[in-house]
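# Structural overview
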Amino acid sequence: MNRSQILLVEDNPIDKMMFERALKHVSKDVEVLHFESVQEACRYVENVGVATPRLAVLDLRLGDETGFDYLRKRNQSSRLHDVPAIILSTSDSNKDVKEAFSLGAAGYFVKPLEFKELTELIASITSYWDWSVLPGDMDS
Amino acid sequence: MGEIWKWISQLWDESGFTPRWYCGQWSEALGYTHIVADLMVFLAYVSIPVALTYFMLKRRRDLPFGNLFWLFSLFIFSCGTVHLVEAIIFWHPVYRLSAFTKVVTALASWGTVLFMIPIIPKALALPGVKKLNEHLQDMTHRLKRSNEDLEAFTYIASHDLKAPLRAIGNLLSWSKEEVGTSLDPKVADAIDKSVDQVKRMNLLIDNLLIYARGEKSHEPVSDVDMAHAARSALSMLAIPDHFHISIQESMPKARISPTQVQQIFLNFFTNAFKYNNKEAGSLVVGWSEKDRAYFVEDNGQGVPEHDRQRIFNLFERGATHVDGSGLGLAIIRKIVLSVGGAVWVTMTPEGRTRFLFRLSRG
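So, here's what we can say about the structure. (Residues numbered from 1 in each chain as written. Chains lettered and ligands numbered in written order. Predicted model: local features only at pLDDT ≥ 70, side-chain atom pairs only at ≥ 80, totals over all residues. Heavy atoms only, no water.)

## Topic: the packing of aromatic side chains
- Under the defined criterion, the tally for this structure stands at 19 aromatic pairs over all chains.
- Ring centres of Phe17 of chain B and Tyr95 of chain B lie 4.8 Å apart, and the angle between their planes is 50°; on these two criteria the pair is classed as tilted. Taken together, the positions of Phe17 of chain B in the loop between α1 (2–11) and α2 (28–59) and Tyr95 of chain B in helix α4 (residues 95–125) put the pair 78 residues apart, joining distant regions of the chain.
- Of the residues examined, Phe17 of chain B reaches a relative accessible area of 40% and is grouped as partly exposed.
- Ring geometry for Phe268 of chain B against Phe357 of chain B: centres 5.5 Å apart, planes inclined by 35°, an arrangement best described as tilted. Pair noted here: Phe268 of chain B is in helix α8 (residues 258–274) and Phe357 of chain B is in strand β7 (residues 353–358), with a separation of 89 residues, a long-range link. This pair shows no difference in class: Phe268 of chain B is buried, exactly as Phe357 of chain B is.
- Taken together, Phe265, Phe268, Phe269, Trp287, Tyr294, Phe312, Phe355 and Phe357 of chain B form an aromatic cluster joined through their ring pairs.
- We note Arg21 of chain A situated over the ring of Trp174 of chain B; from NZ or CZ to the ring centre the distance is 3.8 Å.
- Geometry around Phe295 of chain B places Arg354 of chain B over its ring, the cationic atom sitting 3.8 Å from the centre. (Phe/Tyr/Trp six-rings, centres within 6.5 Å; stacked < 30°, edge-to-face > 60°. Helix = DSSP H or I, 4+ residues; strand = E, 2+ residues; numbered from the N terminus. Buried < 20%, exposed > 50% of the residue type's maximum accessible area, 1.4 Å probe, protein only. Lys NZ or Arg CZ within 6 Å of the ring centre and 35° of its normal.)

Laid out in structure tokens, this is it:
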């Protein structure tokens, strides 16, 4: 596993830019692997071999696809399954939160309005997953 | 009066006739066949108007052509009495009474016929129950679809309205952070104010969505303990330090979805906290037996007479400098109306503002 990579599935360019900038504030060592579509993101993780990213951050509404589609594919593929996935979305609807967790999301976060809050959120997310032991950690 | 009485008593006069048993060669079997058959017809003919009358009075006051039903009842009933008299004549030859019942029957039957003729085309034009049901199903189906459309619309609108707003908020606050302390304080202040406006707009969108969904709830209705609901709504809010809150325990339960009650209390409480200008705020939640309504009462700035209707409208707000979206009371009113209830505001003799609401018809 590549502990210094975070997979981001996001189709809004400004949200992507803000995510990258906020992450840079938190840590210079983490690299963002950005994909605009669920399909591309899944294909990457399936084929990258052992160097999978340590975390997948998913937007919910992605054009024709949704973050839920990623979660569904993740439930059917052992390689995708080893990468924990969290939702970072505009929606705070209870329906979406419920569905995300029922499909196995490891967390659900609503995109904040201010850059400072976004930085704080990303700081806590990265630190949580830094401390986490993940599948594949002990093999290396 | 005496004349009428005399005439009526003449109807029972049997003079000049012999009972039917003694007219001709009756076998018992033939005689009783007549009698039993006549009595059965009588009973059947009487039961029809009785049933119709019951139906008219109890069930269907909206039945079209009501007068025809009454006339028809009279017609059938008089037909029945003709048969009853026929049976009586075997023992008491009341041929005068028999003639009277036959005249009444003749008049009632012709009355019914004459009354019916002009009605028939109108009756034919009435849609049948089956057709009405189909129409109703069609309407229900359309309503359901339009509700689903609205739900999808609000969901997408919320996302598409909030995404650019968040981009503005993020970019502005990032710019301020990026330039840091070298930023002109006036520019920094302008950025802060812009971000505040973005937050307000975001709140407005959230509240509009709550308003749009107000009458709908995916949650089933249950018997809600109102004191418990009020406390649970309070636990979601930051209660100002100077506020004293009292909740009556013995309120009647309400049949409604718990989320809807929560929305009602949340909006009332937020307003009470926001619009209080006293040193010590006070809030009471309870039940008014006199009004048959729940109430939320506070010692806030009050609502002047001319504003008491207006404040429940969408985007309307009382004269105030306090920030708000103007949606709180509109959300409450929408929920309350959707369950057939009502909401209104009064001032108590002590000058406290009392919002009253009912969660059912009546």
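## Regarding the interface of chain A and chain B
- At the interface, 21 residues of chain A touch 20 residues of chain B.
- In total, chain A and chain B occlude about 1900 Å² of area from one another, counting both sides; carbon and sulfur atoms represent 56% of this.
- It is Arg61, Thr90 and Leu113 of chain A that lose the most area in chain A upon contact with chain B, and together they represent 38% of the buried surface on that side.
- For the pair chain A and chain B, the number of links is 3 salt bridges.
- For the salt bridge of Arg61 of chain A with Asp160 of chain B, the shortest nitrogen-to-oxygen distance reads 3.1 Å.
- In this assembly, chain A and chain B are joined by 8 residue pairs in polar contact (both at pLDDT 80 or more). (Contact = heavy atoms within 4.5 Å. Buried area = accessible area lost by both parts, 1.4 Å probe. Salt bridge = Lys/Arg side-chain N within 4 Å of Asp/Glu carboxyl O. Polar contact = N/O pair within 3.5 Å; in protein donor to acceptor, adjacent residues only side chain to side chain.)

## Considerations on empty space enclosed by the protein
- One pass over the structure, following the stated rule, counts 1 cavity of 30 Å³ or more.
- In this structure, the largest cavity encloses a volume near 90 Å³.
- What lines the largest cavity is simply Leu8, Glu10, Asp15, Met18, Phe19, Leu88, Lys111, Pro112 and Leu118 of chain A together with Arg166 and Asn170 of chain B.
- In terms of residue count, the dominant contributor to the lining of the largest cavity is helix α1 (residues 13–26) of chain A (3 residues).
- Within the lining of the largest cavity, the residues separate by chemical class into 6 nonpolar, 1 polar and 4 charged. (1 Å grid on protein atoms, 1.4 Å probe; cavity = no way out; pocket = protein on both sides within 12 Å on 5 of 7 lines; lining within 4 Å. Points joined across faces, edges and corners; volume = space filled by probe spheres on them. Nonpolar A, V, L, I, M, F, W, Y, C, P; charged D, E, K, R; others polar.)

## Topic: the pattern of salt bridges
- Going through the model one piece at a time under the given rule, you end up with 26 salt bridges over all chains.
- Put simply, Glu120 of chain A and Lys116 of chain A hold a salt bridge, and the shortest N to O gap is 3.8 Å. Here the residue Glu120 of chain A and the residue Lys116 of chain A both occupy positions in helix α6 (residues 115–131), the gap between them amounting to 4 residues, near one helical turn.
- Residue class for Glu120 of chain A comes out partly exposed when judged on its relative accessible area of 47%.
- The shortest N-O distance in the salt bridge between Asp192 of chain B and Lys176 of chain B comes to 2.9 Å. Note that Asp192 of chain B is positioned in helix α6 (residues 185–213) and Lys176 of chain B in helix α5 (residues 129–179), a separation of 16 residues in sequence.

## Quick notes on the packing of α5 of chain B against α6 of chain B
Residue and element names in this part refer to chain B.
- Two elements in contact, α5 and α6, have axes separated by 10 Å at closest approach and are oriented at 170°. The orientation of α5 relative to α6 falls into the category roughly antiparallel.
- Split by residue class, the contact of α5 with α6 holds 13 nonpolar, 6 polar and 5 charged. (Axes fitted to C-alpha atoms, helices over the stretch in contact; angles between N-to-C directions. Parallel < 35°, antiparallel > 145°, perpendicular 65-115°, else oblique.)

## Brief notes about the packing of α1 of chain A against α5 of chain B
- Orientation of α1 of chain A relative to α5 of chain B, taken along the N-to-C sense of each, is 35°, at an axis distance of 10 Å. The handedness of the crossing between α1 of chain A and α5 of chain B comes out as left-handed. Residue-level contacts link Ile14, Asp15, Met17, Met18, Arg21 and His25 of chain A of α1 of chain A to Arg166, Ala167, Asn170, Leu171, Trp174, Glu177 and Glu178 of chain B of α5 of chain B.
- Here the residues of the contact of α1 of chain A with α5 of chain B sort into 6 nonpolar, 2 polar and 5 charged. (Left-handed = near helix turned anticlockwise from the far one by under 90°.)

## Points about the sheet that holds strand β7 (residues 107–110) of chain A
Residue and element names in this part refer to chain A.
- Read from one edge to the other, the open sheet built from 5 strands follows the order β2-β1-β3-β6-β7, with strand pairing classed as parallel. A single partner strand is all that each edge strand has here, and the edge strands are β2 (31–35) and β7. In this sheet, neighbouring strand axes are inclined to one another by 25° on average, regardless of whether the strands run parallel or antiparallel.
- Bridging between strand β6 (residues 85–89) and β7 involves 4 bridges; their strand directions are parallel. Counted as the bridge partner of Ser89 is Val110 from β7.
- The sheet strands contacting helix α2 (residues 38–47) are β1 (2–9), β2 and β3 (53–58), and the helix crosses β1 at an angle near 160°.
- On the sheet, helix α5 (residues 94–102) packs against β6 and β7 and is oriented at approximately 150° with respect to β7. (Pairing = 2+ DSSP bridges.)

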